[in-house]
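An overview of the molecular structure
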Amino acid sequence: MEEVAGLKVKDCADGCLRVTDAKTPAGLRTIPAHSALALLIARRTAGKGPNDFLFDDLEEQKPGSKRDRSAPVSQAFTRERRRLGVDERVSDAQRQSNVDFHSWRRWFIRQAVAGLEKGGSGYTPWTLANVVDHKAEDGSIDGMTLPLGMTMGCYPGAAPIEAMRACIEAVKLPSGCTVEEEGRAAGSQEPKRRPVLRRKPLAQGDSSRRGKD
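Starting afresh in each chain, residues are numbered from 1 along the sequence in its written order. Reporting of local features is limited, given that this is a predicted model, to residues whose pLDDT is at least 70; pairs of side-chain atoms are given and counted only at 80 or more, and all residues count toward the totals for whole chains, interfaces and linings. Hydrogens and water molecules were not included; the side-chain quantities draw on all heavy atoms of the structure.

Note on placement: His-34 falls in the loop between strand 2 (29–32) and helix 2 (38–45). Partly exposed residues are those whose accessible area sits between 20% and 50% of the maximum for their type, while under 20% is buried and over 50% is exposed, using a 1.4 Å probe and protein chains only. Classification of His-34 as buried rests on a relative accessible area of 17%. Sequence separation of His-34 and Lys-172 is 138 residues, and the distance between their C-alpha atoms is 9.3 Å. Any two residues whose heavy atoms approach within 4.5 Å at even a single point are treated as in contact. Apart from the residues lying within four places of it in its own chain, the contact partners of His-34 are Ile-168, Glu-169 and Val-171. Separated by 3.5 Å, the side chain of His-34 and the backbone oxygen of Ile-168 make a polar contact. Secondary structure elements follow DSSP: runs of H or I of four or more residues count as helices, runs of E of two or more count as strands, with numbering from the N terminus. Pairing of N or O atoms within 3.5 Å defines a polar contact, subject to two protein rules: one partner must be a possible hydrogen donor and the other a possible acceptor, and residues neighboring in sequence count only if both atoms are side-chain atoms.

Okay, unusual backbone geometry next. Even without a glycine there, the phi angle at Asp-14 is positive, about 60 degrees. Within the element layout of this structure, Asp-14 appears in the loop between helix 1 (2–5) and strand 1 (16–19).

This part covers the side chain of Arg-29. Within the secondary structure, Arg-29 is located in strand 2. Engagement of the side chain of Arg-29 in a polar contact is seen with the side chain of Glu-3, the distance being 3.3 Å. A polar atom in the side chain of Arg-29 sits 3.3 Å from the side chain of Asp-133. Setting aside residues up to four positions removed in sequence, Arg-29 forms contacts with Glu-3, Leu-17, Arg-18, Val-19, Asn-130, Val-131, Val-132 and Asp-133.

This is how it looks when you write it as structure tokens:
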């Protein structure tokens, strides 16, 4: 979350996202932006300076605060999850739900692995490790141990941008979901923009998706 919240306009050029502040050295990377995000990024960078935040509507934390810039996103996700009744716990004694913001990351990895399992081409498990900043040497992806740890983890370097793009584009939102933005640009009287996932309206007589989340 903090990597996304910290993106600036200059980090979102040329169809790529550049992570310049991460928890580990492997996290400092450049990856392609998914094509589904192109319009959202274009709207959020329009009229801004290179050092302006992509998500400028996140409230700045007070100096010395232990809260990250992404804290409001985490809180909003938890409120929405609870409102929708989405939860998963091993027992009633478990304090925190297994469903959290990190679930988006796990879902992305599972979908990218599924792409390989279905014969997808243009990327490898090591490419996926580079995209999500997992250690390729002696690492694993979705429970799958990466072979040739030293050979592939140390020597070849990062995957080429074309392979990363193939990996990212192999992941699609569930049928009926679109990426949209609500509100108008900052400075208007309307609420600021915020990205949302929205399902397309059901066609008349189409009941195949009713009741599905």
